[in-house]
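Structure assessment
Residue-level listing of the chains:
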Amino acid sequence: MQATTRVTQRAATADSGSAVTILSFSGDISSASKEAILAAYHGLDGSVSKVLLDFTGVEYINSSGIAIFIQVLLESSKSGSRTIAIFGLSPHFQKVFTMVGINKYAALYSDESAAKSAL
Amino acid sequence: MRKRNETQRQKLRNSCLPSGWVRWFCTIGLLALGMMAVSTLASAEQKPESLVIDGLGKGTAALNGPWQFHLGDDPVWASPALDDATGHSGWEQLTADKPWGAQGHLAYAGYAWYRRHVHLSPAFGVSPEFALLNRRIEDVYEIYWNGTLIGRYGEMPPNPSFRYGAGAQTVSLGQARDGVLAIRVWKQPLVSFDSGEQGGFTAPPEVGSPEAIAAELATSNYKWLHARQYTFAEAIFTALVAILSFIGWLRNREQRVLLWMAVFCGSWVGSTVLVGLRLPFSFNFALGTLQPILGLRDIALWFLLIELLQLKDNRRLVRFTWALATLTIVSTSLDGLLSAVTMSYAEQIADGVLTVIFTVAELYAPVLVFLGLRRRPDHARWMVAVFAFLSQMIFVVRIALSQGSRFTHWKLADKIDLPLFTIDGNPFTASTIFRLLLLLSIVYAVFRHAREEFRRQHAVEQDLLGAQELQRVLIPDALPSLPGFSLTSAYRPAQEVGGDFFQIIPVEDDSLDSTLVVLGDVSGKGLRAAMAVSLIVGAARTLADFSSQPAEILAGLNRRLHGRLKGGFVTCLVLRLDSDGTCVVANAGHPTPFLNHEEIASPGMLPLGVTANAIYEETTVHLEPGDHFVLYTDGLLEARTPAGELFGFERLQALFTGHPNAEQATEAAVNFGQQDDITVLTLTRLAAGEEASTQLTAPAA
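Residues numbered from 1 in each chain as written. Chains lettered and ligands numbered in written order. Predicted model: local features only at pLDDT ≥ 70, side-chain atom pairs only at ≥ 80, totals over all residues.

What about the overall build of chain A?
Looking only at helices and strands, one finds four helices and five strands in chain A. From first element to last, N terminus to C terminus, chain A shows the α and β order β-β-α-β-α-β-α-β-α. Scored against the burial criterion, the 119 residues of chain A give a buried share of 41%. The long-range fraction of contacts in chain A, counting pairs at least 24 apart against all pairs at least 6 apart in sequence, stands at 70%. (Helix = DSSP H or I, 4+ residues; strand = E, 2+ residues; numbered from the N terminus. Buried ≥ 20, exposed ≤ 12 C-beta atoms within 10 Å, placed from the backbone. Contact = placed C-beta atoms within 7 Å.)

Here we look at the interface of chain B and chain A
Of the residues lining the interface, 22 residues belong to chain B; the matching set on chain A comes to 17 residues. Each residue belonging to the side of chain B that touches chain A can be placed in one class, and the counts come to eight nonpolar, eleven polar and three charged. (Nonpolar A, V, L, I, M, F, W, Y, C, P; charged D, E, K, R; others polar.)

Side note on unusual backbone geometry
Residues and elements named next belong to chain B. Geometrically, the link from Glu138 to Asp139 is a cis peptide bond, its omega value of -5° lying close to zero. Note that Asp139 resides in the loop between strand E7 (137–138) and strand E8 (140–145). In this chain, Pro157 is followed by Pro158 through a cis amide linkage whose omega measures 20°. Within the element layout of this structure, Pro158 appears in the loop between strand E9 (148–153) and strand E10 (169–174). Within the chain, Asn146 stands out as a residue other than glycine whose phi angle is a positive 50°. The residue Asn146 is located in the loop between E8 and E9 in this model. With a phi close to 55°, Arg278 is a non-glycine residue in the positive phi region. Checked against the element boundaries, Arg278 lands in the loop between helix H5 (256–275) and helix H6 (283–308). Residue class for Arg278 comes out partly exposed when judged on the 15 C-beta atoms lying within 10 Å of it.

Observations regarding the sheet that holds strand E22 (residues 598–599) of chain B
All names here are of chain B. What the six strands build is an open sheet, ordered E22-E21-E24-E25-E16-E26; its pairing is mixed. The open sheet has two edge strands with one neighbour each: E22 and strand E26 (693–697). As paired elements, strand E24 (residues 628–632) and strand E25 (residues 678–685) share five bridges and run antiparallel to each other. Looking at E25, one finds that Phe629 is bridged to Leu683. (Pairing = 2+ DSSP bridges.)

Considerations on the sheet that holds strand E2 (residues 19–29) of chain A
Residues and elements named next belong to chain A. Pairing is mixed in the open sheet, where five strands are placed in the order E1-E2-E3-E4-E5. Each edge of the sheet is formed by a strand with only one pairing partner; in this case those strands are strand E1 (6–13) and strand E5 (107–109). Neighbour-to-neighbour, the strand axes of this sheet turn through a mean angle of 25°, independent of strand direction. The pairing of strand E4 (residues 83–87) with E5 spans three bridges and is classified as parallel. Following the sheet pairing, Phe87 is matched in E5 by Tyr109. Across the face of the sheet, helix H1 (residues 34–42) comes into contact with E1 and E2 while running at roughly 30° to E1. (Axes fitted to C-alpha atoms, helices over the stretch in contact; angles between N-to-C directions.)

Observations regarding the packing of helix H9 (residues 364–373) of chain B against helix H10 (residues 379–402) of chain B
Residues and elements named next belong to chain B. Running from N to C, H9 and H10 point in directions that differ by 160°, and their axes come no closer than 9 Å. Judged by the angle between their axes, H9 and H10 are roughly antiparallel. Where H9 crosses over H10, the handedness of that crossing is left-handed. Contacts between H9 and H10 involve Ala365, Pro366, Val369, Gly372 and Leu373 on the former and, on the latter, Ala385, Ala388, Phe389, Gln392 and Met393. (Parallel < 35°, antiparallel > 145°, perpendicular 65-115°, else oblique. Left-handed = near helix turned anticlockwise from the far one by under 90°.)

Remarks on the environment of B:Asp424
Here B:Asp424 shows up in the loop between strand E14 (421–423) and strand E15 (426–428). Considering only alpha carbons, one finds B:Asp424 and B:Tyr230, 194 residues apart in sequence, at a separation of 9.6 Å.

Digging into the nonpolar core
A:Ile70, B:Leu554 and B:Leu636 are the most contacted members of the largest nonpolar core, which totals 109 residues. Broken down by element, the residue count for this core peaks at nine residues, all from helix H14 (residues 526–546) of chain B. Look past the residues within four positions of A:Ile70 in its chain and what remains in contact with it is A:Val100, A:Ile102, B:Phe569, B:Leu606 and B:Val610. B:Ile293, B:Trp302, B:Val384 and B:Phe434 belong to the second largest nonpolar core, which has 49 residues in total. (Core = buried A, V, L, I, M, F, W, Y, C linked by C-beta atoms within 7 Å.)

So this is what it looks like as structure tokens:
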């Protein structure tokens, strides 16, 4: 069940017209995913100011996987120059993300269009 | 035409008529001219001499010397009456000591006939019967004695079939005396590495009494066996290494090096069985199966080098190796399939192209050696690298030079195959020697590698055992009584050591008989998680000496943990339970407790250790008699079926509606599919007068 995490990057435009970079994850997310996720996030161009994290293809995230996203969101929060939002989480993981306070650092949306219209 | 000749004859008659003696003179002259012409013709169409073997006793006689030879096929050529004089109708003479490819018919494949006029007579007192021994005739043949088929080897087209590397064959000639021995031969189309100097006889047949021929066959087979003592010994040793390596890998699947070792040795043994033991495999099957087996051997060598030369962490290299391995298996398998058919010209080209692909892939091992040597390997790995390089380079040069040798006429590949020395009749070529050295160096390096891995693994297992032991110590093995409450707890560790913890700490000097409950989960597993738990439990107990406020205790834990978890975190719940039913809860990212079948309202907060100065909020609930309050870790919530289905909040809610005790709740998740440590704590508020109780379910020590 510990499938390899795949991360793909694509460009999109928010409804407001601003450029958005979408990082899409698939597979299970655990401590083994750390390298792939951090490499994708740190590989983003410094000029990217709006990032959407797409969890549509993710089936399971364990506590170590959540820790990775907390690390990413705290980094972004410290830099203050980047807005991150999340979409595509199952209701279960929306609740888990809310429990661990991630929603204080990144807004959670049900799907891509909802996220793009809010950014 | 006839009329014109008549006229010419008439003219000649007229010119000769004047005198009788002139006519006689002309007649004699014409006869002389005729005899000269016949004599000239006889010298062009030389009648083959009969090979006379008289008084043959207990020995055998080689049918050497010139044989009449003709390319092509005609059943009439079996007939003893056929005029097979050299020069007549395409008959020529070849010797039987080497193939027709080496006697002016380079790269010829197809039918051809050999014929020999023989006179035989036995010595006095010896069997009147004769037999024939054919050492090797390429590839399929039929033997005729005076036009009668007396023996054959293999199947002629359209469905040709013959064995790979077959030994000598014998044929009974009966009481043969005078006659013609005719041999019809078919040579299959050449493969890419054939030099073209093949086809037909490789050594002259021998004739003798059936007993003498049987003895000669036995001697020949014995010599063959004797010269292969080393090959058999090497195959047995290699098979033993393959079996032991495979068993070793089955016992410990993490030791991939043993698997590759088994494949490397097994494929070598497989190739020896296919082509080195004269087993009754057809040539096409043997050659067709040999290709992918040799491909597999190459692939195993690459992964052995990657394991032994510590290149495993180079993921790109490993991915490339897998891609090349796939290409090699596909190309060798296709090449093998081509070998199974009688190849057309186009198929021969495809054979050549596929062979080029996997011959180039042979150069990959030296590339890995080069990359591995940059890692400064120890002496055992050095030896593997050096012998892998030498062995593979010799193989590559040999194969590369032999490919298309019938066009290039390069002979170096044959020279590489010449023995450097022999021991008791066993030839040792450069390839044999380097192959043995490579095998021995790999066995030595794998042994060292496996030993290192075993030690490392043993150390890790000891760490894990230590961590498990530590965690058991940190989970209470007895519960204190909580006035006004019935308390149950269950802790079910997963296979790996996780990071669940809980503590029940009575508050000293408290008029309300309060108790602090600390429950949480460290992200990650193993010794590191266990050490974090140890730190948290110690810190929580110390903090509880100075404060009974859950939010303050969480903040204190957070300060102590910040910067020490290396990217991890700890979810934690602290609650103070007063005997009057008041419950104050502070939560740091932990799953929210359930009161009966509803989660209490608790704000989401970051886990401990993530930010330096987190402030936590408290929620107060009042438990009435009969209320069922449940704390749990995410191992319960995120139990998963093998298909990946989560236990989830809805099932949890349904479960808690039935007010299960901690063990019942834990069991439900374990049956669903435990993935992580599960800890459950239930608190049931008792009515006045009911006696407090505790029930603890701990894992067996």
